[in-house]
Amino acid sequence: MDTANNLEIVHDIFPYLQVYKNGTVKRLVGTEFAPATYDPQTGVYSKDILVNPKTGVSARIYRPNSATKSQKLPLVVYFHGGAFCISSVGDPKYHDSLNVFVSKANVVLVSVDYRLVPEHPLPTAYEDSWSVLKWVAAHNSKHGSEVWLNELVNFDSVFLAGDSAGANISHFMAIRAGKSDEALGMKFSGMLMISPYFWGEKPIGIEVKDPRKAMVDKWWEFVCPSDKGNDDPLINPFVDEAPKFEEVVCDRILICVAEMDILRDRGILYYESLLKSQWKGKAEIIETKGEDHVFHIFNPTSEKALDLVKCWAVFINEK
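Residues numbered from 1 in each chain as written. Predicted model: local features only at pLDDT ≥ 70, side-chain atom pairs only at ≥ 80, totals over all residues. Heavy atoms only, no water.

As annotated in an unreviewed UniProt entry, the protein chain carries the name Carboxylesterase 2 and comes from Nicotiana tabacum. UniProt lists a comment for the protein chain under the heading Sequence similarities (unreviewed entry), and it reads "Belongs to the 'GDXG' lipolytic enzyme family." (UniProt positions renumbered as here; feature names shortened; annotations may be inferred.)

This is the structure we're talking about:
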């Protein structure tokens, strides 16, 4: 066996991972793990649940310590980011930021641990996410066994949320839920899109002059190789063959972008596309000045991150 040849890097997807000729995947970030537990700083409990024994798909559930059966709380189903190829519900950055989110918004939250590329090519992440949504919805029809969902959740106030690739997943889950043959029996009150990961072959806005464009182009070409490239409808929802925006089934959407994020203009275009479409809901957009992509997970207790979380809390608890 030619060891040197096997150690040749065939995919270098900066800054996320490297793939060697022998198939070994070396993730460079997003591999740390924080266990589910009680967080005394936020007063939030969390636990891990195996959702699908066949696939191994799981979720991490959060609830405020103050939650009681007598006052049902909104439910947020959250999809983490990481370009579909890194991170997990146990990533300390996500775990810490979601503890803050749950505490400030006073919600029950289900964080979805979908399987990653390249070991599990797309559309696996979407299918895993849908399976967790179906599992959650079973509790609304009294067919689920998770106590926190059965006792603490107001199923008339369910929200989809995600950052980066997770916001992309949220979009497609909100469309799939509207298909007659895919009905969940659970209505979505709103959707929270944080630094959404959408892209396209033709640069727009800051992408035109941003030297990071070549790097971002490379991500999707690795994640989902096809002859459509970065105009695949899964990454570019603005192309003609993508599902129509009026198919998104929720009443309200909040899009959050960051000024320095190369993906910013795709989030703005998403907002503008909603307004121009036949979608009947209410869309809002927030831009955080002086910050970059998903800044809130890197320092969840910073002033700007807490200001952003407050906006999420107002959005979710708006009557």
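The subject of this paragraph is the nonpolar core. Counting residues in each nonpolar core, the largest one holds 75 residues, and the members touching the most others are Leu75, Phe84, Leu133, Ile253 and Tyr270. With 8 residues, helix 3 (residues 124-140) is the single largest residue contributor to this core. There are two domains that each give this core at least three residues, and those are domain 1 (1-31) and domain 2 (34-317). (Core = buried A, V, L, I, M, F, W, Y, C linked by side-chain atoms within 4.5 Å. Buried < 20%, exposed > 50% of the residue type's maximum accessible area, 1.4 Å probe, protein only. Helix = DSSP H or I, 4+ residues; strand = E, 2+ residues; numbered from the N terminus. Domains from an automatic or database assignment.)

Spatially, the 3 strands line up as an open sheet ordered 1-2-3, and their pairing is antiparallel. Strand pairing shows two members of the sheet lacking a second neighbour, strand 1 (9-13) and strand 3 (25-27), which therefore form its edges. Each strand axis lies, on average, 15° off the axis of its neighbour in the sheet, ignoring direction. In terms of strand pairing, strand 2 (residues 17-20) meets strand 3 through 3 bridges, oriented antiparallel. (Pairing = 2+ DSSP bridges. Axes fitted to C-alpha atoms, helices over the stretch in contact; angles between N-to-C directions.)

Time to look at the pairing of strand 9 (residues 153-163). The side chains of a regular strand alternate, residue by residue, between the two faces of the sheet. Among the 11 residues that make up strand 9, 9 are buried, leaving the element largely enclosed by the rest of the structure. Pairing of strand 7 (residues 73-79) with strand 9, which is carried by 6 bridges, proceeds in the parallel orientation. For Leu75, the partnering residue across the bridge sits in strand 9 and is Val158. The pairing of strand 9 with strand 10 (residues 190-194) spans 5 bridges and is parallel. The residue bridging Leu160 from the neighbouring strand is Met191, located in strand 10.

All told, the structure shown has 16 salt bridges when counted by the stated rule. Here Arg212 ties to Asp210 by a salt bridge, and the two come within 2.8 Å at their closest N and O atoms. Between Lys289 and Glu287 there is a salt bridge, and its shortest N-O distance comes to 3.6 Å. (Salt bridge = Lys/Arg side-chain N within 4 Å of Asp/Glu carboxyl O.)

What follows is about the packing of helix 3 against helix 5 (residues 165-176). At their nearest, the axes of helix 3 and helix 5 sit 10 Å apart, and the two run at 60° to each other. With respect to helix 5, the axis of helix 3 lies oblique. In this structure, helix 3 crosses over helix 5, and the sense of that crossing is right-handed. Contact residues: helix 3 offers Ala125, Tyr126, Glu127, Ser129, Trp130 and Leu133, while helix 5 offers Asn168, Ile169, Phe172, Met173 and Arg176. Residue composition of the contact of helix 3 with helix 5, grouped by class: 7 nonpolar, 2 polar and 2 charged. (Parallel < 35°, antiparallel > 145°, perpendicular 65-115°, else oblique. Left-handed = near helix turned anticlockwise from the far one by under 90°. Contact = heavy atoms within 4.5 Å. Nonpolar A, V, L, I, M, F, W, Y, C, P; charged D, E, K, R; others polar.)

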